[in-house]
Amino acid sequence: MFTNKQKELEEYCQKLYTEELNYLKVSNQIKKTLPKVVKNKNNPKFNKPVQDLLLLHDQVNEVVDKKIEIATKSLDITQSLLKQIVTQELSRELPLFRGKSLPPQLCGKVQPKENYIAQPGDLVCTAISNDLGSVDWVLCHVKLFNHEKQEYCLVDYFDENNKSPIKHTAKPDKVMPLPTSLSLHHLPSTEFEKNTKVYAMYPDTTTFYPAKVLSSPGERRTSTFQTYYYVLEFEGDTVPNHDIYSRWVIPIPKKL
């Protein structure tokens, strides 16, 4: 998947380069035509160079529109690649709880105690308003918790490395902590059962969406790579199922 995205980006970059050459070609034609327009402005032949110029103008507009379209697509692919790199980097194995009973809070699906406060640096799933007036649940970094205001200060994880990342504030009921460990023995108390409705981070993004568990990690322990991965079906997705690392699977937020 990662290699395919790279190839697609290279393809669009080549297209953009080709359009740059087209733009240069038409621009040079305009430079050659303009003197003819000026020279013949009081001549009966004036109309012909003007028509040529107008035609070239239309061609330039078409090339510019094409360049914008290709550049926009290239940017989308680049952002997708960056998010893929982010999620791959963050999908390193979590610590394993080796006991066979009483797992700690945030071990898999185990929820934290009431009034739990995430610490600076913790990864969380946060409800953030989007431009459409609805809410997206996205991966964020906790910067601090303001005890006086009882609210978090957070940064969208994907936006964090920008020079001036946008900071968000959120009340605790809009912040879902993520698992900080997993169970070595796949305890039922730490894993969501088949057909359970959950929220999970969609592949190559940093956004969480509703999904249904098709298979739990405990049912997949025969595969070393997939030992701590769920098989999920995302609502409305055309792809029938996805392997999602347990770190990115949480209960459905109480307040949607």
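Refer to the preceding data block for the structure.
Everything numeric in this text was worked out from a predicted model, so none of it was measured. (Residues numbered from 1 in each chain as written. Predicted model: local features only at pLDDT ≥ 70, side-chain atom pairs only at ≥ 80, totals over all residues. Heavy atoms only, no water.)

**Student:** Explain the pattern of salt bridges residue by residue, including any values.
**Tutor:** Taken as a whole and assessed by the stated rule, the structure comprises 2 salt bridges. Here lysine 212 makes a salt bridge to glutamate 233, at a shortest N to O gap of 3.8 Å. Remark: glutamate 233 occurs in strand β10 (residues 229-234) and lysine 212 occurs in strand β9 (residues 207-215); sequence separation between them is 21 residues. (Salt bridge = Lys/Arg side-chain N within 4 Å of Asp/Glu carboxyl O. Helix = DSSP H or I, 4+ residues; strand = E, 2+ residues; numbered from the N terminus.)

**Student:** Give me the pairing of strand β4 (residues 151-156): which residues, what numbers.
**Tutor:** The buried count for β4 comes to 6 of 6 residues, which makes it a mostly enclosed element. Neither face of β4 is exposed, since Glu151, Cys153 and Val155 on one face and Tyr152, Leu154 and Asp156 on the opposite face are all buried. Relative to β4, strand β3 (residues 135-146) runs antiparallel, the two being bridged by 6 bridges. Looking across to β4, one finds that histidine 141 is bridged to valine 155. Joining the antiparallel neighbours β3 and β4 is a turn of 4 residues, in which glutamine 150 adopts a positive phi near 55°. Of the pairings in the sheet, the one linking β4 to strand β5 (residues 167-170) comprises 4 bridges and is antiparallel in character. Across the sheet, residue leucine 154 finds its bridge partner in β5, namely histidine 168. (Buried < 20%, exposed > 50% of the residue type's maximum accessible area, 1.4 Å probe, protein only. Pairing = 2+ DSSP bridges.)

**Student:** Explain the packing of aromatic side chains to me, and be specific about the residues and the numbers.
**Tutor:** This model, assessed by the stated rule, comprises 6 aromatic pairs. Aromatic side chains phenylalanine 192 and tyrosine 230 sit 6.1 Å apart centroid to centroid with 50° between the ring planes, which places their arrangement in the tilted category. Of this pair, phenylalanine 192 sits in the loop between β7 (182-183) and β8 (197-201) while tyrosine 230 sits in strand β10, and the two are 38 residues apart along the sequence. Across this residue pair, the class does not change: phenylalanine 192 and tyrosine 230 are buried. What links up through ring pairs into an aromatic cluster is the set Tyr202, Tyr209 and Phe234. (Phe/Tyr/Trp six-rings, centres within 6.5 Å; stacked < 30°, edge-to-face > 60°.)

**Student:** Please set out the state of the cysteines residue by residue, giving values where relevant.
**Tutor:** If you walk through the whole model with that rule in mind, you get 0 disulfides. Among the cysteines around cysteine 140, which has no disulfide bond, cysteine 125 carries the closest sulfur, lying 8.1 Å off. Taking relative accessible area as the criterion, cysteine 140 reaches 0% and is therefore assigned buried. (Disulfide = S-S within 2.5 Å.)

**Student:** If you had to explain the side chain of glutamate 151 to someone new, which residues and values would you point to?
**Tutor:** When you line up the elements, glutamate 151 lands in strand β4. Residue glutamate 151 is classed as buried on the basis of its relative accessible area, which comes to 18%. In this structure glutamate 151 touches Leu144, Phe145, Asn146, Thr169, Ala170 and Lys171, once residues within four positions along its chain are discounted. (Contact = heavy atoms within 4.5 Å.)

**Student:** Could you give me a rundown of the nonpolar core, with the residues and numbers involved?
**Tutor:** Burial of nonpolar side chains together is a common tendency in soluble globular proteins. One finds Leu139, Leu178, Phe208, Leu232, Trp248 and Val249 to be the most contacted residues of the largest nonpolar core, which totals 28 residues. Those elements giving two or more residues to this core turn out to be β2 (123-129), β3, β8, β9, β10, β11 (242-245) and β12 (249-251). Setting aside chain neighbours within four positions, we find leucine 232 in contact with Val198, Ala200, Ala211, Lys212, Val213, Leu214, Pro240, Asn241, His242, Ile244 and Val249. Listed in part, the 11 residues of the second largest apolar core include Cys140, Tyr152, Leu154 and Ala170. (Core = buried A, V, L, I, M, F, W, Y, C linked by side-chain atoms within 4.5 Å.)

**Student:** Tell me what's going on with the pairing of β3, and back it up with residues and numbers.
**Tutor:** Direction of pairing for β2 relative to β3: antiparallel, over a ladder of 7 bridges. Bridging across to β3, leucine 123 finds its partner in histidine 141. Between β2 and β3, which pair antiparallel in sequence order, lie 5 residues; one of them, glycine 133, sits at a positive phi of approximately 85°. Taken together, the 2 bridges between β3 and β9 define a ladder with antiparallel strand orientation. The partner of tryptophan 137 across the bridge, within β9, is phenylalanine 208.

Limitation: the analysis is restricted to geometry and does not speak to function.
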